[in-house]
Amino acid sequence: MVPARVRVAFAHAAVQHLADREGVDVLHIKGIATDDAVRRSEAGGTDADVLVRPVHVGALLAALERHGWHRENSFETGSPFGHAATYRHDHWGYADVHRFFPGLHADPDAAFAVLWEDRLEKQLGGVTCPVPSLAGQALIQIANLARNTGALPGDPYLDRVLGDGSPLAADVRTLVDRLDAQIVVDAVLGRLDRHRDHPDYRLWRVTTQRGTRTEEWLARIRAARTLREKLRLAVRAPLVNTDHLRHTLGHEPTRWEITKEFLDRPRRGLLEEWHTRVRRRRRG
């Protein structure tokens, strides 16, 4: 069996090979693409994550689909932030294609340009792959912590990259300002309430505090920047996530399975709300 780290490296290499052929700019992020100096843990992840220049996203997705990659999740169904689509290849495994990175609240085109201008290079699977600067890698690690873990104010990693004695701290903080990422830094430092007036405050609160699906959808609608986007999310909220259902069932869902899931959602939603309220009441 091929070790997971090797397979992920080849997934990075395969994506970069297609990006080079198509003239697409990508930055390899997270996992084994992260330098040891700023990596939080030894785990290398199970997929290859790439951040794509927004205007190049369509070209890369089309190239992936022409070369044996199959979509597992779309941008719309992959996460509350709508930031990444997941693809799978029979040989190379999984790749997450990011059109932006949650927590970097600058305009996605501008944010990519900032990360791209100070990029470094790393050999992954024998292919030269662009990666963010060390400060950029550290900030992405912090943003990822905010999204997946929540508040970790005592985590030694934060002192390693943000503390007064850290050689990276000044560069990371400069990047935080340039990419409008202070809310995610404060989220992991346990200071999210400083940003109550931020449009994404409720979305980050429900993400870091593991809120209910109802709270998540209400936060997503509130965070949407335009009325059109708010309406689109409101219409989608009650619908079944067929990508998720496919993974759960292990096959393409039938119409009856989709209908059954749709009809069962209100019951599960009410149960989740009740259990969450009880848990929060017990916590005080």
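The coordinates are above.
In this text, all values refer to a predicted model and were calculated from it rather than measured experimentally.

Our focus in this paragraph is the nonpolar core. Formed by 43 residues in total, the largest nonpolar core has its most connected members in Leu139, Ile142, Tyr157, Val172 and Leu179. Elements supplying a minimum of two residues to this core: β1 (26–29), α4 (108–117), α5 (134–148), α6 (156–162), α7 (169–178), α8 (182–188), α9 (201–208) and α10 (213–223). For this core, the leading source of residues is α5, giving 8 residues. By size, the runner-up hydrophobic cluster in this structure holds 20 residues, among which are Ala19, Val50, Val52 and Val97.

Take α9 next. Most of α9 is tucked away: 6 of the 8 residues are buried. Among the residues making up α9, those that are buried are Tyr201, Leu203, Trp204, Val206, Thr207 and Thr208.

To continue, consider the sheet that holds strand β2 (residues 47–52). Here we have 5 strands laid out as an open sheet, ordered β1-β2-β5-β4-β3, and mixed in their pairing. With partners counted over all chains shown, the strands left at the sheet margins are β1 and β3 (69–73), one partner each. Neighbouring strand axes in the sheet, compared pairwise and without regard to direction, differ in orientation by 30° on average. In this sheet, strand β5 (residues 93–98) lies alongside β2 in parallel orientation, the contact comprising 5 bridges.

Here the focus is the packing of α5 against α7. Two numbers describe how α5 lies on α7: the axes approach to 9 Å, and their chain directions differ by 65°. Considered as vectors, α5 and α7 are oriented roughly perpendicular to each other. Helix-helix and strand crossings are classified by hand; for α5 and α7 the assignment is right-handed. Listed contacts from α7 to Ala135, Gly136, Ala138, Leu139 and Ile142 of α5 are Asp171, Val172, Leu175 and Val176. Of the residues belonging to the contact of α5 with α7, the class tally is 7 nonpolar, 1 polar and 1 charged.

In the structure shown here, the tally under the stated rule is 10 salt bridges. Notably, a salt bridge pairs Asp25 with Arg53, separated by 2.8 Å at the nearest N-O pair. Of this pair, Asp25 sits in the loop between α1 (4–22) and β1 while Arg53 sits in the loop between β2 and α2 (57–66), placing them 28 residues apart in sequence. We classify Asp25 as buried; its relative accessible area is 18%. Arg53 sits in the buried class, given a relative accessible area of 19%.

The next thing to look at is the packing of aromatic side chains. Applying the stated criterion across every chain, the model contains 3 aromatic pairs. Between the aromatic rings of Phe10 and Trp92, the centroid separation amounts to 6.0 Å while the plane-to-plane angle is 40°, which identifies the pairing as tilted. Remark: Trp92 occurs in the loop between β4 (84–89) and β5 and Phe10 occurs in helix α1; sequence separation between them is 82 residues. Take Trp92: its relative accessible area is 31%, and that puts it in the partly exposed class.

Reading the values: the criteria
- Residues numbered from 1 in each chain as written.
- Predicted model: local features only at pLDDT ≥ 70, side-chain atom pairs only at ≥ 80, totals over all residues.
- Heavy atoms only, no water.
- Core = buried A, V, L, I, M, F, W, Y, C linked by side-chain atoms within 4.5 Å.
- Buried < 20%, exposed > 50% of the residue type's maximum accessible area, 1.4 Å probe, protein only.
- Helix = DSSP H or I, 4+ residues; strand = E, 2+ residues; numbered from the N terminus.
- Pairing = 2+ DSSP bridges.
- Axes fitted to C-alpha atoms, helices over the stretch in contact; angles between N-to-C directions.
- Parallel < 35°, antiparallel > 145°, perpendicular 65-115°, else oblique.
- Left-handed = near helix turned anticlockwise from the far one by under 90°.
- Contact = heavy atoms within 4.5 Å.
- Nonpolar A, V, L, I, M, F, W, Y, C, P; charged D, E, K, R; others polar.
- Salt bridge = Lys/Arg side-chain N within 4 Å of Asp/Glu carboxyl O.
- Phe/Tyr/Trp six-rings, centres within 6.5 Å; stacked < 30°, edge-to-face > 60°.

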